[in-house]
Protein chains: 2
Amino acid sequence: MGYGRPVITEHELREAREYAAERLADTGIVLTDAERDAIEVADFGLSRLEECGLQLLVYVNTDRYCGKELVLRPRQTCPEHRHPPFDGTPGKEETFRCRAGLVFLYVDGEPTASRACMPPPGVYTAAHEVELRPGMQHTIAPGTLHWFQAGPEGAVVSEFSTASRDELDEFTDPAVTRETVLG
Amino acid sequence: MGYGRPVITEHELREAREYAAERLADTGIVLTDAERDAIEVADFGLSRLEECGLQLLVYVNTDRYCGKELVLRPRQTCPEHRHPPFDGTPGKEETFRCRAGLVFLYVDGEPTASRACMPPPGVYTAAHEVELRPGMQHTIAPGTLHWFQAGPEGAVVSEFSTASRDELDEFTDPAVTRETVLG
């Protein structure tokens, strides 16, 4: 079933990396060749990459702070998760800033009455919608459940945060795992 | 003499902000109107803004991490300084990533034999050169003396870091102060 392990093919990986590199270039973001080859593709162990997945480029991730770019295909969803406390810290605090396209972020809180997105199959509970267009940003406190979906043209999102430890992420849906395919 | 206090004029401030907003737009970086009005202009108390100065936009600065854009005019210099320990932390650790133009960073360490930049009048000691073209980045450990100068076409630099407390910066030149003009 592919649960619990990434089952992305080499072809899907290459295609997802090329897509992400092109969207970043369209946004005016210059990458080195080594960075283009290091774009991470997460399928969350679901084998439905176009629907549930994320392309990431980590610029820097020290034990104190992290900077990344996230790239989403049209309507692609990053499944619901939270960042738990670790190493005596409250856990990851992160700011998403939309650079291009459109992204809908769903966080714990008062459910938004009429929401722009339907989640894909899986377990989703957060229903407070934050719409981020280019130049808009939102900060997520540690421990807050959240998921996000790109609009019809995909999205490029810069993430500023404390140290990132993706392997600690706690997903609402037990079928989801955070194994990153590095190729 | 202007030492110890910023003596930028309203006209200089407006012009510097407009310059920075244009360079950010050229780089594909979308700002809100409120952000354009919040671009900080630092003259370091020297009243020689075109030569020694910095334009900054802070996206986020929590007590744990910070994200900013820095904009430099052609050959404009940010004077030599270090980020000291505070509040039980080792002090600010920061990563500069060049987005557009060219920036020469000078840090503590083995002096580079033939350097691309002359510092402006003032006190400068760090002479290890790191050239950053678009897509290149460099991380500066807390406490490291550093200064930087843009190339002939100016520069746009993204900064990822721990919490930023500019008012704590320690400048090598006692004539320099870090009062930011907010307009």
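Structural data are supplied above this passage.
### Some words on the overall build of chain A
Counting its secondary structure elements, chain A contains two helices and 10 strands. Relative to the globule expectation of 16 Å for 183 residues, the C-alpha radius of gyration of chain A, 15 Å, shows essentially globular dimensions. The principal-axis extents of the C-alpha atoms in chain A amount to approximately 45 × 35 × 30 Å. Counting across all 183 residues of chain A, residues that qualify as buried make up 56%. By sequence separation, contacts in chain A at least 24 residues apart represent 75% of the contacts at least 6 residues apart. Put simply, chain A shows about 7,600 Å² of open surface, and 52% of that area lies on carbon and sulfur atoms. Treating the 18 positive side-chain charges of chain A as one cloud and the 31 negative ones as another, the clouds have centres 2 Å apart.

### A look at helix α1 (residues 10–26) of chain A
Since there are 3.6 residues in each turn of an α-helix, residues three or four apart along the chain are aligned in direction. All names here are of chain A. If you check α1, its first and last C-alpha atoms are 24 Å apart, about what 17 residues at 1.5 Å a residue would give, namely 24 Å. Of the positions making up α1, those classed as buried are Leu 13, Ala 16, Arg 17, Tyr 19, Ala 20, Ala 21 and Leu 24. Directly beyond the C-terminal end of α1, a positive phi value near 85 degrees is found at Gly 28.

### Observations regarding the relation of the copies chain A and chain B
For the match of chain A to chain B, the screw axis carries a shift of 0.0 Å, the RMSD comes to 0.0 Å, and the turn is 180 degrees. Both chain copies can therefore be described as sitting about a two-fold axis. Distance from the rotation axis, computed per C-alpha, reaches its smallest value in chain A at A:Gly28: 2.6 Å. Of all interface residues in chain A, 100% are interface residues in chain B too; the two copies therefore contact each other through one and the same surface.

### Observations regarding the interface of chain A and chain B
Taken together, the contact pairs 30 residues of chain A with 30 residues of chain B. Buried surface at the junction of chain A and chain B, both sides included, amounts to about 2,300 Å², of which 49% is carbon and sulfur. Among the residues of chain A in contact with chain B, A:Arg64, A:Tyr65 and A:Phe160 are the three that bury the most area, contributing 30% of the side total. Counting across the interface, chain A meets chain B through six salt bridges.

### What about the packing of aromatic side chains?
One pass over the structure, following the stated rule, counts 11 aromatic pairs over all chains. Relative to A:Phe148, the ring of A:Phe96 lies with its centre 5.0 Å away and its plane at 70 degrees, an arrangement referred to as edge-to-face. Taken together, the residues A:Phe96 in strand β5 (residues 94–107) and A:Phe148 in strand β8 (residues 146–161) connect sequence positions 52 residues apart. For A:Phe96, a relative accessible area of 4% translates into the label buried. On the basis of relative accessibility, which here comes to 4%, the residue A:Phe148 falls in the buried class. Relative to B:Trp147, the ring of B:Tyr106 lies with its centre 4.3 Å away and its plane at 15 degrees, an arrangement referred to as stacked. Of the two residues, B:Tyr106 is situated in strand β5 (residues 94–107) and B:Trp147 in strand β8 (residues 146–161); the sequence distance between them amounts to 41 residues. The class of B:Tyr106 is buried, set by a relative accessible area of 0%. Following the ring pairs from residue to residue traces out a cluster consisting of A:Tyr59, A:Phe160, B:Tyr59 and B:Phe160. Between A:Arg73 and the ring centre of A:Tyr19, over which it is positioned, the NZ or CZ distance is 4.5 Å. One residue, B:Arg23, lies across the ring of B:Tyr19, its end atom 5.0 Å from the ring centre.

The rules we used
- Residues numbered from 1 in each chain as written.
- Chains lettered and ligands numbered in written order.
- Predicted model: local features only at pLDDT ≥ 70, side-chain atom pairs only at ≥ 80, totals over all residues.
- Heavy atoms only, no water.
- Helix = DSSP H or I, 4+ residues; strand = E, 2+ residues; numbered from the N terminus.
- Rg over C-alpha atoms; globule rule 2.2 N^0.38 Å.
- Buried < 20%, exposed > 50% of the residue type's maximum accessible area, 1.4 Å probe, protein only.
- Contact = heavy atoms within 4.5 Å.
- Areas by Shrake-Rupley, 256 points an atom, 1.4 Å probe, with all protein chains shown as cover.
- Lys, Arg positive; Asp, Glu negative; His and termini not counted.
- Charge placed at Lys NZ, Arg CZ, Asp CG, Glu CD.
- Expected span 1.5 Å × (residues − 1).
- Least-squares fit on C-alpha atoms with pLDDT ≥ 70 in both.
- Buried area = accessible area lost by both parts, 1.4 Å probe.
- Salt bridge = Lys/Arg side-chain N within 4 Å of Asp/Glu carboxyl O.
- Phe/Tyr/Trp six-rings, centres within 6.5 Å; stacked < 30°, edge-to-face > 60°.
- Lys NZ or Arg CZ within 6 Å of the ring centre and 35° of its normal.

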